[in-house]
Each structure stands twice: as structure tokens, then as C-alpha cells.
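A structural walkthrough
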Amino acid sequence: MANRVFQSVIYQMKDAIDRVVGVVDETGAVISCSELNLIGEVREGFMAERLTAGDRFVRDGYTYQQFSSAKHNDYAVFVEGADETAGQFAAVLSISLQSIKQYHDEKFDKSNFIKNVVLDNILPGDIYAKARELHFATDVSRVVFIVRVTSGGDISAYDVVSSLFPDKQKDFVFNISETDTVLVKEIRKGIDRTDMEKLAASIVDTLSGEHYIKAVVGIGTPISNVKDLATSFKEAQIAMEVSKVFDTEKQIIRYDNLGIARLIYQLPTTVCEMFLREVFKQGSIESLDQETLFTIQRFFENNLNVSETSRGLFVHRNTLVYRLEKIKKLTGLDLREFDDAIVFKVALMVKKYLSNNPAKY
């Protein structure tokens, strides 16, 4: 990491300084240099010299200026020449490189910090201490998105999402598995929920339209304190799992828009099984064939309207009434009655939930 950061600056300084310039680590190994063939060379005597000399010293025709990225000198700039100008160049370069490395280290540390908070790998008491150390704002509104790749694409979804959110001080992107990429997005307070869906839709559209990657996005609820990021992350995970069971066609799933499906997901399976036994004590849901289940689905979609449903199914009204009577005889539930229809709808969802056995978070 440091090598790449330093090399970029050193190479740009090559023409401006018109001298050999570079950086050595604490062992004297050249890790960056304007002359690429010198990279990897070890400067003999450097280790001993750096321990006894001051921050700046001259050795073998080069001026060295030590600098630190922590509490001790990890690196030194070297500039060809033993004159005062070489010393000035070395001093300016060391200040610049130290600032640049500090910025990159801080950015990298912030990303790791956020990842640990999201994955609940850091103690609550340590969150604020680390945040202060990194100058990280803890009381900003944020939300967690999980982008799950379902098929296609040669390019990494992580790279695409990172490019869409280039502000690495406010937005953080990292992988948690081969298929799942997490985005922690800073948002304005009071943001409309539909705006978050639009943001998620833009990610899905970019992945599919430009890179032929099919993906779904789970969205947690917005939080106003960094310690609650783990909660928003778990909610996004739950949204994805619930969607796999109840809304298999949806690509954008918000936790706070799951409705009764979220309630069913959070129930113990023993309670769900007991509920099914009670609902279908006069018959079994297994006795309902696919045609009957399809009829029920359409009946619910048409708000329990017999005439509208029969037209949609292209059957006579009496045929539909006969089917509903058959269901009543098997289950004891009259779907034309609102209360019975609710019980049956929930029972179907519970049965689907038990059949899919989704992961619990």
C-alpha cells in the first residue's frame, strides 16, 4: 500500500527535481524511486546510521530525511546530493509523503472500522474510542445496503459499486462473501424511503445494463448513530431472506416494507407449525391442488370480488363459487368472509415460510 502511494508521488517529482529521489523503509530497502531499477536495493549501513543520526543525515552521496506514519520513523526520503538544496528537497518531500500516507492510512482504517462495526466485531465501548481516534463522525445518518449478485458478469460487483460512490470519507464499500457486497451510505436526515429505493435501483440498473450482472438489493432502516450500523446490516440481511421466500421477483427489498412477512419470519417454527395445525384441522392444505391454489391467489388479488376474479380466470361465476365452497368444505374457511380470508392468507405464507426454511439473523 505505502509503496504504491509513495511511488506515484516520487515519479511525478522526477522531472521537477532532476535528481534521483526515493524512499527507503526502516531496513534500508528502497521501496520507491525515480529510477525504477533501484527499487529493491538495500542501502548498506542505513539501519545503523538512522539509529544514531538525527532526522536528517548524509550518507554515500545521498541526503536522507526520516519521517513517520506512526510514533516512530518508519521511512526516509533520500535525494541525490549532499548540498543544502538536496536537504531542502528531502525535507519538503518527507512532509508531503507523511501527510499523504497519513491520509491513506486513515481512509483504510476507517473502512476497516466500519466493516468491524457492521459485522459486530467490535465492542460497543470501543466504537467511540476508535471513532475519536479516526476523527470519524458518529452521529451522522447512514443506511446499510447489501448488493447480492444472483448471476452473470465478469467484472466484480464491488468494483462497480465502489465506482458509483467515490467519496471514501462518507461512503464505505466492502465484500462479505463472493456474492454479497455491503454499501454503508451517508444520507441526509429525514430522507424519503423511496429515495433509498431509487438509489438501490440505480445500482441494480448499472450492474445489469452496463455489466450484465443480475443483482438484488436489501436495505436496512436508516440509523443516526454509528453503533447501530450492525442493526441496519442485520435488517438488510433479513430483507434479503424474507424476499427469497415471499417476493422472489423483487429486486429492491426494504426491511421496513416487509409487512406481515417480517412478522412470520421472526416467529419460532414451532409456533408456525402449531398455527397451521389449528387452521387446517378440518382438512389439509396439501389436499388443495395447484389449480385451486391459483384460484385462491387470484381471488385475493381481486380483493375477494367473485365477479372480477371469475372474469380474470375466464370461468363462469358459478364455477368460482363452486371452487370456493370446495375450499370451505376442506378447510372450514369461507374465503368470501374477510376474517377467514385473512387467516387463510397468513396460513399460506406460513406454509411457504416453513417449506423454504430461510436463514435466521
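- Where an unreviewed UniProt entry is consulted, the protein chain appears under the name CdaR family transcriptional regulator, with the organism given as Faecalibacterium hattorii.

With respect to the sheet that holds strand S7 (residues 172–175)
- If you trace the five strands from one edge of the open sheet to the other, you get S7-S8-S6-S9-S10, paired in mixed fashion. Every other strand in the sheet has two partners, leaving S7 and strand S10 (252–254) as the edge strands with one partner each. Neighbour-to-neighbour, the strand axes of the sheet open up by a mean angle of 20 degrees, direction not taken into account.
- Strand direction decides the pairing type here: strand S6 (residues 142–151) and strand S8 (residues 180–186), joined by seven bridges, are antiparallel. If you follow Val143 over to S8, its bridge partner there is Lys185.
- Contacts from helix H5 (residues 157–164) reach S6, S7 and S8 within the one sheet, and its direction differs from that of S7 by about 180 degrees.

Comments concerning the pairing of strand S9 (residues 214–219)
- The buried fraction of S9 is high, at five of six residues.
- Pairing between S6 and S9: six bridges, direction antiparallel. Each bridged residue has a counterpart across the sheet, and for Ser151 the counterpart in S9 is Lys214.
- Two elements, S9 and S10, share three bridges in a ladder whose sense is parallel. Within S10, the position partnered with Val217 by the bridge is Ile252.

Overview of a negative patch on the surface
- Taken together, the side chains of Asp15, Asp18, Glu35 and Glu80 make up a negatively charged region of the molecular surface.
- The topology assignment puts Glu35 in the loop between strand S2 (30–33) and helix H2 (46–52).
- When its relative accessible area of 31% is taken as the criterion, Glu35 is described as partly exposed.

What counts, and at which threshold
- Residues numbered from 1 in each chain as written.
- Predicted model: local features only at pLDDT ≥ 70, side-chain atom pairs only at ≥ 80, totals over all residues.
- Heavy atoms only, no water.
- Pairing = 2+ DSSP bridges.
- Helix = DSSP H or I, 4+ residues; strand = E, 2+ residues; numbered from the N terminus.
- Axes fitted to C-alpha atoms, helices over the stretch in contact; angles between N-to-C directions.
- Contact = heavy atoms within 4.5 Å.
- Buried < 20%, exposed > 50% of the residue type's maximum accessible area, 1.4 Å probe, protein only.
- Patch = residues over 30% accessible without salt bridge, like charges linked within 9 Å, V, L, I, M, F, W, Y side chains within 5 Å.
- Areas by Shrake-Rupley, 256 points an atom, 1.4 Å probe, with all protein chains shown as cover.
- Salt bridge = Lys/Arg side-chain N within 4 Å of Asp/Glu carboxyl O.
- Lys, Arg positive; Asp, Glu negative; His and termini not counted.
- Charge placed at Lys NZ, Arg CZ, Asp CG, Glu CD.

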